[in-house]
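Close look at the chain arrangement
Below, each chain spelled out in residue letters.
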Amino acid sequence: MKYLFFLGAIAVLAVLVFNSCKTRSKGIPMRQLLEDDMPGGKRIIVATQMKGTEVSAAIDGFIELSAKNGNIIDKPVVRKQGNGAFFICLPDSTTYDQFCYWVNYLVYSNADKRYNNNITGWYEVASGAKGVWEAFAGQRLMVYVPETDTEYDNVYLTTQSNACYKQEFARRACLIQQSNIHKDYSDIPAENEDTAD
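Computed from a predicted structure; not experimentally measured.

All right, on to the side chain of Glu124 then. With respect to the element layout, Glu124 can be found in strand E5 (residues 119-124). Polar contacts involving the side chain of Glu124 include one to the main-chain amide nitrogen of Lys42, which spans 2.9 Å. Side chain to side chain, Glu124 and Arg140 meet in a polar contact 3.3 Å long. Beyond its immediate stretch of four places on either side in the chain, Glu124 contacts Gly40, Gly41, Lys42, Arg43, Gln139 and Arg140.

Rendered as structure tokens:
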């Protein structure tokens, strides 16, 4: 009887692993996204309804965490707008994965608050993009974490043509197209009356 139970458990596990692999095959692996990634294009994150101290603390926390993981990154340029929004301008050499991590970290940077509706990023794909990026060439991808997210380790993106994707961060992370749009595409808001922060 124990033997049958053991075989049944192995069969269930095999089915779960197979289905997981089958689902992942529908997405683009992070490995491939990074191999085909090209520098060039805007990398901007807009933080709204946040205090300057919250934005600064989140940026410092991300830089410190990155350093602990052996990644030294430059502090982004931050411009405070007349309407109270903060434009966080990352170098155009910021890789796709790093940009996604920035957005996710800023959303969850405060243990007492979630900034889902306050953080939106735009990752501009180079116009000469090749490989898996060719379909997105010359587009700005709007990157965010929807309010409905409960996994904490991913971001979503909406293309300018309103196609929605989920970018996973897990070990075998994939970019997976979604059947629902979690947030309609909007372009980077116009900057106004900027002041250094």
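Opposite charge on two side chains allows them to pair when their charged atoms are near. This model, assessed by the stated rule, comprises 7 salt bridges. As a salt-bridge pair, Arg140 and Asp187 come within 3.0 Å of each other at their nearest N and O atoms. Separated by 47 residues along the polypeptide, Arg140 in strand E6 (residues 140-144) and Asp187 in the loop between strand E9 (174-177) and strand E10 (195-196) bring together distant segments of the chain. Residue Arg140 is classed as buried on the basis of its relative accessible area, which comes to 18%. Taken together, the shared-partner salt bridges in this structure form one network comprising Glu124, Arg140 and Asp187.

Another point: the packing of aromatic side chains. Tallying each qualifying case throughout the model produces 11 aromatic pairs. Judged by centre distance (4.2 Å) and plane angle (40°), the rings of Phe62 and Trp102 are tilted. Of this pair, Phe62 sits in helix H3 (residues 52-68) while Trp102 sits in helix H4 (residues 96-107), and the two are 40 residues apart along the sequence. Trp102 matches Phe62 in its accessibility class, with the two residues each being buried. Measuring from centroid to centroid gives 5.5 Å for Phe136 and Tyr165, while their planes differ by 80°, and the two rings are edge-to-face. With Phe136 in the loop between E5 and E6 and Tyr165 in strand E8 (residues 164-168), this pair connects stretches of sequence that are 29 residues apart. The buried category is assigned to Phe136, whose relative accessible area is 5%. Chaining the aromatic ring pairs together yields one cluster made of Tyr96, Phe99, Tyr123, Trp133, Phe136 and Tyr165. Taking the ring centre of Tyr123 as reference, the NZ or CZ of Arg43 above it sits at 3.8 Å.

The rules behind the values
Residue positions are given per chain, counting from 1 as you read along its sequence in written order. Reporting in this predicted model follows two pLDDT cut-offs: at least 70 for local features of residues, and 80 or more for side-chain atom pairs to be given and counted; totals over whole chains, interfaces and linings ignore these cut-offs and use all residues. Side-chain calculation: all heavy atoms of the structure are included, whereas hydrogens and water are not. Under the DSSP-based scheme used, a helix requires at least four consecutive residues in state H or I and a strand at least two consecutive residues in state E, with every element numbered from the N terminus. Identification of polar contacts relies on pairs of N or O atoms within 3.5 Å, with a donor-acceptor requirement for protein atoms, meaning one able to donate a hydrogen and the other able to accept it, and with residues adjacent in sequence counted only if both atoms are side-chain atoms. Only heavy atoms enter the contact rule, under which two residues are in contact if any of them lie within 4.5 Å. Put simply, a salt bridge is a Lys or Arg side-chain nitrogen that is within 4 Å of an Asp or Glu carboxyl oxygen. The cut-offs for exposure are 20% and 50% of the maximum accessible area for each residue type, with area from a 1.4 Å probe on protein chains only; residues under the lower value are buried, those over the upper are exposed, and the others partly exposed. Think of it this way: a Phe, Tyr or Trp ring, Trp meaning its six-membered ring, pairs with another when their centres are within 6.5 Å, and the plane angle makes it stacked under 30 degrees, edge-to-face over 60, tilted otherwise. We count a charge as sitting over a ring when the NZ of a lysine or the CZ of an arginine lies within 6 Å of the ring centre and within 35 degrees of the ring normal.

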